[in-house]
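Observations on chain architecture
Okay, here's what each chain looks like letter by letter:
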Amino acid sequence: GLGFRDVEGEVIYPQSTLEILILNMFVLSVPLIGLVMEAPDFDVMSEHPRKSRRVLTKDVIADIAVYGVLLGLCALAVFTIVVYAVGSGLQTVCPGGSLSCGYVRRARAATFLVTALCITLSALNSRYSYRPMWYNLRNVTRTMWVGIVVVLTVVLLVIYIPGLNTTVFEHDMITWEWGVVLGFVLVCVVV
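The shown structure was predicted, so the numbers you read here are calculated from the model rather than taken from an experiment.

Re the nonpolar core
Counting 33 residues, the largest nonpolar core has Val-27, Phe-79, Leu-113, Val-114, Val-155, Ile-159 and Val-181 as its most contacted members. Mapped onto this core, the elements with two or more residues apiece are helix H1 (17-27), helix H3 (58-86), helix H4 (103-124), helix H6 (142-160) and helix H8 (177-190). With eleven residues, H4 is the single largest residue contributor to this core. Contact partners of Leu-113, with chain neighbours within four places excluded, come to Val-155, Ile-159, Ile-174, Trp-178 and Val-181. If you look at the next biggest cluster of nonpolar residues, it comprises six residues, including Ala-123, Leu-124, Met-133 and Met-144.

Next comes the structure, spelled out in structure tokens:
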């Protein structure tokens, strides 16, 4: 994201600091509370003992790397599409000398939304890492569904409450950007 610079050489961040804080402290945590509160599988005792006591196995590290890079690429792609493909890019300076207006603010909101949705959907995929997400949907507990609904509600409120979105989170409401966001969420789900 540090590659996005305006005509004066100032960095234009794809996400504001508070957006990153909300993603790390809230969006990541709440759905996983439901995952932690799930009852163990009925056949957990029939599994063979694991040879390694390590939590971070090669498979887990590979998943973190692949999904992390995928999420980062999807977020940057959404930001780039909104700013450059549809907007006028970073070539014009907004009133007051700030470029954090117009399509940049809309791109930040779309980037925030795609990141939040992909993180939430990855929580659904965390139950069984070797089975597809649609298989995991059968076993999602009510606590996890409540956590997902709470997260999505807060994310939408952060994007659509006037004043809060522009002054605190430095982004604007989105409309047509939903199509771009949902397209890249679909990419995350398929991968």
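Thoughts on the side chain of His-171
As for its position among the elements, His-171 is in the loop between helix H7 (164-168) and H8. Sequence-distant contacts of His-171, defined by excluding residues within four places in its chain, comprise Glu-19, Arg-105, Arg-108, Ala-109, Phe-112, Val-158, Ile-159, Asn-165 and Thr-166.

Concerning the packing of H3 against H8
Viewed as axis vectors pointing N to C, H3 and H8 meet at an angle of 160°, and their least axial separation amounts to 10 Å. The angle between H3 and H8 places the two elements in the roughly antiparallel class. The handedness of the crossing between H3 and H8 comes out as right-handed. Residues Leu-70, Cys-74, Ala-77, Val-78, Ile-81 and Val-82 of H3 form the contact with H8, whose own contacting residues are Glu-177, Val-180, Val-181, Phe-184, Val-187 and Cys-188. Grouping the amino acids of the contact of H3 with H8 by side-chain chemistry returns eleven nonpolar, no polar and one charged.

Conventions adopted
- Residues numbered from 1 in each chain as written.
- Predicted model: local features only at pLDDT ≥ 70, side-chain atom pairs only at ≥ 80, totals over all residues.
- Heavy atoms only, no water.
- Core = buried A, V, L, I, M, F, W, Y, C linked by side-chain atoms within 4.5 Å.
- Buried < 20%, exposed > 50% of the residue type's maximum accessible area, 1.4 Å probe, protein only.
- Helix = DSSP H or I, 4+ residues; strand = E, 2+ residues; numbered from the N terminus.
- Contact = heavy atoms within 4.5 Å.
- Axes fitted to C-alpha atoms, helices over the stretch in contact; angles between N-to-C directions.
- Parallel < 35°, antiparallel > 145°, perpendicular 65-115°, else oblique.
- Left-handed = near helix turned anticlockwise from the far one by under 90°.
- Nonpolar A, V, L, I, M, F, W, Y, C, P; charged D, E, K, R; others polar.

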